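The lines below spell out each chain.
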Amino acid sequence: MPHGFERIVAHPERPAHSAEQPGDTHLASLRLDGWHDVTVRVLHPFTWDAKFRGFRIDELAISPARPRTLVSGAYSVADAAVLNVDDARGTHTAFDFPEGDRHDGVLYRTIGHSPEVDERYQDAAGWCTVAGVDADGRPVALATALDRSDCVLLDLLVDDHGLTVQTRLPWQSFRPAELPATDALPGLLVRHGLGDHESAEGWLRTLLAATVPSRASTAPPPLIADTWGFGTDIDPERVTAFFDVAADLGVEVVTVDKGWEDHVGDWNAQSGYAGGVAGIAALAHDRGMKLGLWVGAGNAAPDSAVATAHPDWLATWRGRPQMVSHRNHSLCLGHEPARDHVLACLDRLVRDGVDWLLHDFETISRCDADHHTHDPGAGEAAGVTGWYSVLSALREAHPDLLIENCWNGGKPLDLQMIAHHDTTIGDDWCRSQENRLAALGLGVYLPSSWTSKYMGDEPHLPLRAQLAPYLVGGPWILMGDLPGWSESQLAEMTRAIAIYRDWRPASMDARAVPPVLSGSAAGVWGSAAGVTGVALTPGPDGAQLATFTVTEAGVGHLVRWHPELAASGADFDTVWIVRDEWSGSERVATHAELAAGIPLDTASADGLALSVRPA
């Protein structure tokens, strides 16, 4: 395996199973003797079931009395909530979906609450780092990564003699009539050795960067404008006006979000769009932009042609069709006719001129229908295989197509998802500070050029304060009311876009990191005394960009930014240029001055953008 990782061979064990005592399917296992004082760092993907802590990283202790189990997959918060309830009560609760007329489907949790740090089961990305001490007293580390998007449980179990790592598939979503071949089951990649969490995070960064498709790793992240600032309240006139302003701003991809379609599942444009999707594509292409299009590829509206003609294609769970995002059903992509329909629709859209495919909602469903072409006890696994086969076929037929993962906020996160996408959503709030935190969480593992940053309008903020976090990394996606922006706002946006373009080549090999700040009440993740920030890791010559938001609470406080100097190899005699990216003004600074910290302008609530580079 590449980059020092090895695949732990699965030896699936068919569980004894009864109504009173359901059994999970155990897959791979790794034993690390002598490990103790063990902790795990868990990255929580964004989900509306836990909307206030998306992409937060928690470091959790593991002990004989406190085992930890990481729950990955598309419904990880809801699944972990069920498992924690069962863990506390000794019950055996099935996974389910919420019901009710007021349920719009973006929430999947039916019982319990989103996991808290003291609970065993934690929703997690499909990778983690573990650190501890071995029997000789040396620091040791482990990195793990899953290669599939099923619901997989990763157990971390410590006893008096060491650490056991094992994967299993829960009975609630995996009860096949016959066990599939080993290569059709989720695989576990591991690397372990001397080191700490930071060492293991570096191992993961190398693995994940090598997994990103080559187009996404060689082309700078684009500037995108997306109509979601209007929600679904769009029509041909509004879309045309949006395209006009986007073109004037130099946008490279313009995306028509939900609201263009006549019915989810059929993927035809509403009748008002002359020429259908091909006509929308011509509007973009004639203005020098590529066309992005939103689709909920795995869904179908109840009154759609596909759902009414083929109700047997819908994913059913526990006897009823799933009601999920925006009160749509799911199509079962583990069922061959439904999968073929989805691929044909997507292929048609690309042939009509779509250059950038933004897919959202639920493409991986759970299904136990006994009339489908999959094993009814392994419908989710079949859905995973089906969805990625659709994307693979689409890529093969259209090698220039770019694909963005949205999936209701950015799920799932694992090697398979990364390998099939050119970027993933970084946050579903479309707000600056939530985007900053998401960029920092994902930036521990992924290049800053591979995490989309959605920007809605935030009129309560000073404009530069809103813009500052978006200048670092990308793709940057403008989701505001572009035609309604004032001349002064458009002028400020033009300058911000120029900064973004200047620095986006550097973001290809950089990560989003918290800048080092000092001052009163210095905090974590690039914050101090009412000032928050995000930075790019330095380039080979030491050049680096950092942006800051000065809140009302930060006005008048002394806060200094300490650029990273060691990585560049610069010495004490190096002379640096400090640049205000907004104004373009520059000044010379010595190594000692940078080490002491650059004082930030906190005279008013505002957004700052500073860079340093060797003279």
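Look above for the structure.
By convention here, each chain's residues receive numbers from 1 onward along its written sequence. Side-chain atom pairs in this predicted model are given and counted only at pLDDT of 80 or more, local residue features only at pLDDT of at least 70, and totals for whole chains, interfaces and linings cover all residues. In computing side-chain properties, one takes all heavy atoms of the structure into account and sets aside hydrogens as well as water.

Draft legend 1. Inspection of the pairing of strand β13 (residues 253-256) at higher detail. Side-chain alternation along β13 places Val-253 and Thr-255 on one buried face and Val-254 and Val-256 on a second face that is also buried. Being paired, for any two strands, means DSSP has found at least two bridges between them. Starting at the N terminus, helices and strands are each numbered in turn, a helix being any DSSP run of H or I of at least four residues and a strand any DSSP run of E of at least two. Strand direction decides the pairing type here: strand β12 (residues 223-226) and β13, joined by 3 bridges, are parallel. Across the sheet, residue Ile-224 finds its bridge partner in β13, namely Val-253. Here is how to tell: hold the view so the strands point away, follow the path from the first strand over the helix to the second, and if it runs clockwise the crossover is right-handed. Between the parallel elements β12 and β13, the chain passes through helix α4 (residues 236-249) in a crossover that is right-handed. Two strands pair when backbone bridges link them, and β13 and strand β14 (residues 290-295) are joined in this way by 4 bridges, in the parallel orientation. Across the sheet, the residue bridging to Thr-255 is Gly-292, located in β14. In terms of handedness, the path from β13 via helix α5 (residues 276-286) over to β14 forms a crossover that is right-handed. The buried label applies to any residue whose accessible area, calculated with a 1.4 Å probe on protein chains only, is under 20% of its type's maximum; exposed applies above 50%, and partly exposed to all values in between.

Draft legend 2. Geometry of the sheet that holds strand β1 (residues 6-8). The antiparallel open sheet is built from 6 strands, whose spatial order is β1-β11-β8-β7-β3-β4. Only two strands of the sheet have a single partner each, and these edge strands are β1 and β4 (57-62). Here the strands of the sheet are splayed against their neighbours by 25° on average, with no regard to which way each runs. Inspection of the sheet shows β1 paired to strand β11 (residues 188-194) by 3 bridges, in the antiparallel sense. Residue pairing for β11: Ile-8 is matched across the bridge by Leu-188. Residues count as neighbours in contact if any of their non-hydrogen atoms are within 4.5 Å of one another. Here an axis means a line fitted to C-alpha atoms, over the contact stretch when the element is a helix, while the angle between two N-to-C directions is reported on a 0 to 180 degree scale. Each of β3 (36-43), β4, β7 (127-133), β8 (139-146) and β11 is contacted by helix α2 (residues 197-211), which is oriented at about 30° to β8, the strand it contacts most.

Draft legend 3. Broad picture of the pattern of salt bridges. Any carboxyl oxygen of Asp or Glu that lies within 4 Å of a side-chain nitrogen of Lys or Arg is treated as forming a salt bridge with it. All told, the structure shown has 32 salt bridges when counted by the stated rule. Notably, a salt bridge pairs Arg-41 with Glu-198, separated by 3.0 Å at the nearest N-O pair. With Arg-41 in strand β3 and Glu-198 in helix α2, this residue pair connects regions lying 157 residues apart in the sequence. Two residues, Glu-99 and Arg-320, come together in a salt bridge whose shortest N-O distance is 3.2 Å.

Draft legend 4. Local environment of the environment of Ser-173. Relative to the elements of secondary structure, Ser-173 occurs in the loop between β10 (162-169) and β11. Given a relative accessible area of 6%, Ser-173 falls into the buried group. As for Ser-173 and Asp-368, which are separated by 195 residues in sequence, their C-alpha atoms are 9.0 Å apart. Residues contacting Ser-173, with those up to four places away along its chain left out, are Phe-95, Cys-151, Trp-317, Arg-366, Gly-377 and Glu-380.

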